Amino acid sequence: MALCSWCKKTDAAEPGKKKKKGSAGTWRVYSLKELQSATNSFNYDNKLGEGGFGSVYWGQLWDGSQIAVKRLKVWSNKAEGEFSVEIEILGRVRHKNLLSLRGYCSEGQERLIVYDYMPNLSLLSHLHGQHAAECLLDWPRRMSIAIGAAEGTAYLHHQATPHIIHRDIKASNVLLDSEFEARVADFGFAKLIPDGATHVTTKVKGTLGYLAPEYAMFGKASESCDVYSFGILLLEIASGKKPLEKLSSAIKRTITEWALPLARAGKFKEIADPKLNGNFAEDELKRLILVGLVCAQNRPEKRLTMLEVAELLKGEATEKLLNLEKDELFRPEDISNYICEEKSAKKEVTEIEEADTVTETAANAALVDIQENTAT
Ligand SMILES: Nc1ncnc2c1ncn2[C@@H]1O[C@H](COP(=O)(O)OP(=O)(O)OP(=O)(O)O)[C@@H](O)[C@H]1O
Ligand SMILES: [Mg+2]
């Protein structure tokens, strides 16, 4: 990683200057000059990754603290909207399992968001990416990541005011701090839910494989869509598999289609990530998988709340867990129905776009059309 000129202190870098106070924490405005200096002019060597919003760069400030700077890719009114949404929301929330906003920069055409740098990068990089071969995610770490991410998301749903739907829960949006504790990131797609409203109907944003069927098809965003995505994430943590697996050029299998029959047959150990080499607590593995499958089912009314998810994962709801095991979802006669429904819902999405990320594209226009057609 390139050395940054962090010792060049600029005016805007003075501590305390331009500090803004959200309802639950402080953040400040950075100058472009300061962020250029911190990231060696957004040098390619500093680049941590790239997402739908733009590129993310590692940087170091004049005081030595490490930051991650997300630089907006293309200037547009729509991007401006997402920028202000993310700033608005992140300024409000503070929780040990959420990635806090340090500040932002808005100068000329440049829009940048500054976060704490997470030294262990994303869960995605450890499950399927550049760190996968190092096998750093042992079972206790996986459990604590699952619980931490559940608590962060439960905070968004149940404690933040107004309540917040994340809308893009996935492995790349779960970052890992120096202790491998989870920090849920990226509220750019989130929407503030007015008090009393049960859902907002909006354009579909999110990532294939994690989208709840009712959200993918009708753009109906609610907390339970996040719960669905979270269920997929839990299955991914337990198994090390991707949400959608390509079996051949024409056939894709979802992680639920693969895991449910195994869970139904009580073959939980076969679901466990082979990289764990059998080193896991069997009762915890079973808990993670059962909760994951109950969350990632088609019928939103049958999913859990994030508070229940956190409680169950922590092993604080033994009776509830026993009831989950007896749920019709895990009875043999219901599996075919479940998979059929899953398939038809997923098929719609897969046919619309093959790419991994669904952003504001023709696919969304199509999805919104579906929503409009259904309404008429
Ligand atoms: N605060 C951070 N600390 C360390 N690495 C980060 C940080 N924020 C982002 N990254 C890295 O940058 C990559 C790109 O992040 P980004 O959020 O732009 O894209 P994404 O999560 O893949 O997709 P999306 O745009 O849908 O969120 C992440 O996968 C992660 O590895
Ligand atoms: Mg992200």
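Given the structure is predicted, the values throughout are model-derived calculations rather than measurements.

Q: Describe the nonpolar core, naming the residues involved and giving the relevant values.
A: Within the largest apolar cluster, 89 residues are counted, with the highest numbers of intra-cluster contacts made by Ala146, Ala150, Leu234, Ile289, Val291, Cys295 and Val309. When residues of this core are assigned to their parent elements, the largest contribution, 10 residues, is made by helix α6 (residues 223-239). Viewed by domain, this core spans two of them, domain 1 (5-116) and domain 2 (123-375), each represented by three or more residues. Ile289 has contacts with Leu235, Ala238, Ala259, Ala263, Phe268 and Ile271, leaving out every residue within four places of it along the chain.

Q: I'd like a description of the packing of helix α9 (residues 282-295) against helix α10 (residues 306-313), backed by residues and values.
A: Contact geometry for α9 and α10: axes closest at 10 Å, N-to-C directions at 165°. By the angle between their directions, the pair α9 and α10 is classed as roughly antiparallel. Classified by chirality, the crossing of α10 by α9 is right-handed. For the pair α9 and α10, contact is made by Arg287, Leu288, Val291 and Cys295 and by Val309, Leu312 and Leu313, respectively. For the contact of α9 with α10, a count of residues per class yields 6 nonpolar, no polar and 1 charged.

Q: Tell me about helix α4 (residues 139-159), and please be specific about residues and values.
A: The end-to-end C-alpha distance of α4 is 29 Å, a good match for the 30 Å that 21 residues give at a rise of 1.5 Å each. The element α4 is extensively covered by neighbouring structure, given that 15 of its 21 residues are classed as buried.

Q: If you had to explain the UniProt feature "binding site: ATP" (unreviewed entry) in the protein chain to someone new, which residues and values would you point to?
A: The UniProt record marks Lys70 with the feature "binding site: ATP" (unreviewed entry), using the residue numbering of this structure. Residues in contact with Lys70, not counting those within four places in the same chain, are Phe53, Gly54, Val56, Leu112 and Ile113.

Criteria and thresholds
- Residues numbered from 1 in each chain as written.
- Chains lettered and ligands numbered in written order.
- Predicted model: local features only at pLDDT ≥ 70, side-chain atom pairs only at ≥ 80, totals over all residues.
- Core = buried A, V, L, I, M, F, W, Y, C linked by C-beta atoms within 7 Å.
- Buried ≥ 20, exposed ≤ 12 C-beta atoms within 10 Å, placed from the backbone.
- Helix = DSSP H or I, 4+ residues; strand = E, 2+ residues; numbered from the N terminus.
- Domains from an automatic or database assignment.
- Contact = placed C-beta atoms within 7 Å.
- Axes fitted to C-alpha atoms, helices over the stretch in contact; angles between N-to-C directions.
- Parallel < 35°, antiparallel > 145°, perpendicular 65-115°, else oblique.
- Left-handed = near helix turned anticlockwise from the far one by under 90°.
- Nonpolar A, V, L, I, M, F, W, Y, C, P; charged D, E, K, R; others polar.
- Expected span 1.5 Å × (residues − 1).
- UniProt positions renumbered as here; feature names shortened; annotations may be inferred.

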